[in-house]
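Each chain, written out:
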Amino acid sequence: MTRRPRPVPHPRRARRRVAGLAALAALAVTAPLAATVGATDAAATTAAPSVFAPQLVTVDTPGRADRTRLQKLGLDLTEHAGRDYVEVLLHTAADRVALRAAGFTYDVRIENLVERGVEIAELNQAYAASVDVSPLPSGRDTYRTLADYVADMTTLAADFPGHVRMFDLANPTLDGNTVHAIEIGADVDKKASGKPTFLLMGLHHAREWPSGELAMEFATDLAQGFGKDKKITRMLKKARVLVVPVVNPDGFDLSRTDGEYVDLRALNDLDPLGGTGTTLATPGQAYKRKNCRVVDGQDIPDGTCRLTLASPGGFGLGVDLNRNYGGFWGGPGAAGPVPAAGEVEAGVLDPTYRGASAFSEPETQNIQTLVRERQVTMMISNHTFSNLILRPNGVAPTTIGPDGNPVGNAPDEKGLKALGARMSAQNGYLNQNSWQLYDTTGTTEDWSYNATGGYGYTFEIGAHEFHPPFPEVVDEYLGAGEHEGRGNRAAYLLALQHAIDTSKHGVLKGKAPKGATLRLRKDFESPTWESSFEDHLDSTITVGRKGRFSWVVNPSTRPLLQSRPIEELAAEPFAGETIEGGTTEPLVGTVDHEYVARRASDVLRIDLDWPTPDDFDLEVYRKDASGELVEVGTSGNAPGEKEQVQVPDAAAGTYVVRVVNYASVSPSYTVEVGQYATRSTFTDGRREKYTLTCEVGGKALATRKVFIDRGQVKRFNLKRACR
């Protein structure tokens, strides 16, 4: 992955370097308001510097194994990462201690996120005062609240009744909120007639305010543009657009209202710290990530989510909704309910806690129902931040999946990458596989793509922070600099164009009795990482008065069932070496071993074994012509699991095998290096069919099994059979 330049720190944000081990100790997370507002004693003044404010830091991760090791700490990793760094939110002093104790070095990019929140609010107020309306379609000049979203959706539906409707999703949230959506299309007030769906979402994660703003602005853009903008009008005559700007209203409401900042600056004159205490006293929940789940399987009384203030910044409690979907749920990059050995602060308090089961949360169940009941041929889930367009799969292709074979790339990798490149040309984002950031499972697009075949992406919006000053939101939507006039607006329009492109989807055409219901259903098992769950797709359309239908659908065979290539290693290596190693120091001990490959090989495999049930990691590098080390593979499994790296198409040259003692007391280890020839085999793919039924008066009168692939058109005459 190409390294992206690290962002420039905000003014007045000091940078400092820390390294090495620090003693683990119980540290205070926050302090009362200068002990008590009005206190003047020297003790309150001298204690102030020890108070920890939430920080955004850039952690050095030279290799992929370092990123894996960082994930084990249970810290709040952002999606802003490059080849050798990951940005992390430190909520408490204990987070900082854990990072130091694990031997990581880092730069502080935003020293005090509470102060930064106040600063952003002031910048937003100044911007709003400087303009009558912003250049956005809505004219908004500051971030919406939850009430603003509901009001704006209600207004759009009222102002454009012919092509905009507002509706409620099936499940209320744990805190009793209704999740609202709007549907936009030329005939939105009529029953579905076979047009494909583009689904756009925001605010899975509470703190990612721009993700909802851009979704809402695109909905406004389409609503206003229909009948006026030829391109928008043409596409809305061929598609339905579903927009869910706030998937997680409970968390967002806390982040936006409690979390923007509690303004105690009026007490500054009484504060012996000159205003510092009044700021630090109210960190709020601006950086809350998850939903409002407190105990798995148990609802909470409506309106009580604010009690999670006991969780620092809303950090600990809840389920990460973008790890709760069914796509390989329970696999790498998502925390389980019980902390694993070697992890510092994981389990249910981990920021990536995946929930009790796939789709355990009402918010993800809402999206599951939408996707199940529509032919969603295109999906984008908005997030912040990192200026990325991410596509399936969420784990590296060499990862051994639940079926015992490498997960591989998505069968549609070529097409997914090409569309991602076209969209990234509009907004300037980096177009890459999700796993190139770090491993994730249970994400939105991994489930939707693998369950339906409809393309799915995650947009990581913005370069610097979760909810930057509002003028940056304007630029992200409309484009700035070399992307001025394009931005995410243009990227979303390309996504909508893909949704209606029948060369990328199937089409069912034919005749049936007018008013009949056509149902397309498929029942199947969706795999999780260790088992599976019963899943289905069930969409319907109504045949028009002319007795004809044309239905744009996703391919009938799910990507998971398609054959994919696997490179099978020869039984024995044609060259190799066994390396014995001795004692290394836990946490910071690394040893490098050189191996010279005198000829190229299809696969260079390195296995690391040791006698104790604890934790080593493995990194492999190749020396380039200048002698620089270039990472070619890493392995960072859970404690007790041995490590292996396979380097495909390994050129001749010098390789460096780095053994990393993450948390092992083993007196020795063994490295086996082998060069292998391979032969290509393929997984057993199979075709999957839909069941098409024609129903009149609620009775199924005709049934057909339908196989359809991308770009295919299948024709049916159901008039006689469906009387």
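Everything below is about the structure shown above.
Since the model is a prediction, treat every value here as computed from it, not as a measurement.

Which residues make up the side chain of Thr444, and what are the values?
Assignment of secondary structure puts Thr444 in helix H12 (residues 444-452). A residue is classified by how much of its surface remains accessible, and Thr444, at 2% relative accessible area, is buried. Setting aside residues up to four positions removed in sequence, Thr444 forms contacts with Met201, His204, Asn322, Tyr325, Met379 and Ser381.

Give me the lowdown on the packing of helix H11 (residues 413-427) against helix H14 (residues 487-500), citing residues and values where you can.
Running from N to C, H11 and H14 point in directions that differ by 155°, and their axes come no closer than 7 Å. Relative to H14, H11 is oriented roughly antiparallel. Considering only the axes of H11 and H14, their crossing is right-handed. Together, Leu419, Arg422, Met423, Gln426 and Asn427 of H11 and Gly487, Asn488, Ala490, Ala491, Leu494, Ala495 and His498 of H14 make up the contact between the two elements. Residues that form the contact of H11 with H14 fall into these classes: six nonpolar, five polar and one charged.

Let's hear about the sheet that holds strand S22 (residues 615-623): which residues, and what values?
Ordered by their spatial adjacency, four strands build an open sheet running S20-S25-S22-S23, and the pairing between neighbours is antiparallel. Strand pairing shows two members of the sheet lacking a second neighbour, strand S20 (590-597) and strand S23 (629-635), which therefore form its edges. With strand direction ignored, the average angle separating the axes of adjacent strands in the sheet is 25°. Taken together, the eight bridges between S22 and strand S25 (residues 653-663) define a ladder with antiparallel strand orientation. Within S25, the residue paired with Phe616 across the bridge is Asn661.

Now, about the sheet that holds strand S15 (residues 517-527): what can you tell me, with residues and values included?
Sheet architecture is open: four strands sit in the order S16-S15-S28-S29, paired in antiparallel fashion. With partners counted over all chains shown, the strands left at the sheet margins are strand S16 (532-542) and strand S29 (699-706), one partner each. Between one strand axis and the next, the sheet turns by 25° as a mean value, whatever way the strands run. Bridge count between S15 and strand S28 (residues 690-696): five bridges; the pairing is antiparallel. Each residue of the ladder has a partner; that of Leu518, found in S28, is Cys694. Each of S15 and S16 touches H12; the most contacted strand, S16, lies at about 65° to it.

Requested: an account of H14, with residues and values cited.
In this model, H14 (14 residues) spans 21 Å end to end at C-alpha, consistent with the 20 Å of a helix rising 1.5 Å per residue. Taken together, the buried positions of H14 are Gly487, Asn488, Ala490, Ala491, Tyr492, Leu493, Leu494, Ala495, Leu496, His498, Ala499 and Ile500.

So, the nonpolar core: which residues are in play, and what are the values?
In this structure, Phe198, Met378 and Met423 are the most contacted members of the largest nonpolar core, which totals 56 residues. Counting residues in each nonpolar core, the second largest holds 23 residues, with Tyr325, Leu370, Val376 and Trp447 among its members.

Got a sec to walk through the state of the cysteines? Specific residues and values, please.
Within the structure shown, the criterion is met by two disulfides. With a sulfur-sulfur separation of 1.6 Å, Cys292 is cross-linked through a disulfide to Cys305. The S-S bond linking Cys292 to Cys305 shows a torsion near -65°; that makes this disulfide left-handed. Of this pair, Cys292 sits in the loop between helix H9 (276-280) and helix H10 (362-373) while Cys305 sits in the loop between H9 and H10, placing them 13 residues apart in sequence.

Criteria and cut-off values
Chains are numbered independently. Their residues run from 1 in the order of the written sequence. Per-residue local features are limited, in this predicted model, to residues with pLDDT of at least 70; the limit for side-chain atom pairs, both in listing and counting, is 80 or more; totals at the level of whole chains, interfaces and linings are taken over all residues. Side-chain numbers here rest on the full set of heavy atoms in the structure, without hydrogens or water. Secondary structure follows DSSP: runs of H or I at least 4 residues long count as helices, runs of E at least 2 residues long count as strands, and numbering of each begins at the N terminus. A 1.4 Å probe rolled over the protein chains alone gives each residue an accessible area, and that area as a share of the maximum for its type sets the label: buried under 20%, exposed over 50%, partly exposed in between. Contacts were defined at the residue level, with two residues in contact if any of their heavy atoms lie within 4.5 Å. To define axes, lines are fitted to C-alpha atoms, for helices over the stretch in contact only, and angles between the resulting N-to-C directions are given on a 0 to 180 degree scale. Angles are sorted into four bins: roughly parallel if under 35 degrees, roughly antiparallel if over 145, roughly perpendicular if 65 to 115, and oblique for all others. Handedness of a crossing is defined here by the sense of rotation of the near helix relative to the far one, left-handed for an anticlockwise turn of less than a right angle and right-handed for a clockwise turn. Just so you know the grouping, Ala, Val, Leu, Ile, Met, Phe, Trp, Tyr, Cys and Pro go in nonpolar, Asp, Glu, Lys and Arg go in charged, and all remaining residues, Gly too, go in polar. By this definition, two strands are paired if DSSP reports at least two bridges between them. Expected helix span is computed as 1.5 Å times (number of residues minus one). We call a set of buried Ala, Val, Leu, Ile, Met, Phe, Trp, Tyr and Cys residues a nonpolar core when their side-chain atoms join them within 4.5 Å. Two cysteine sulfurs form a disulfide in these notes if their separation is within 2.5 Å.

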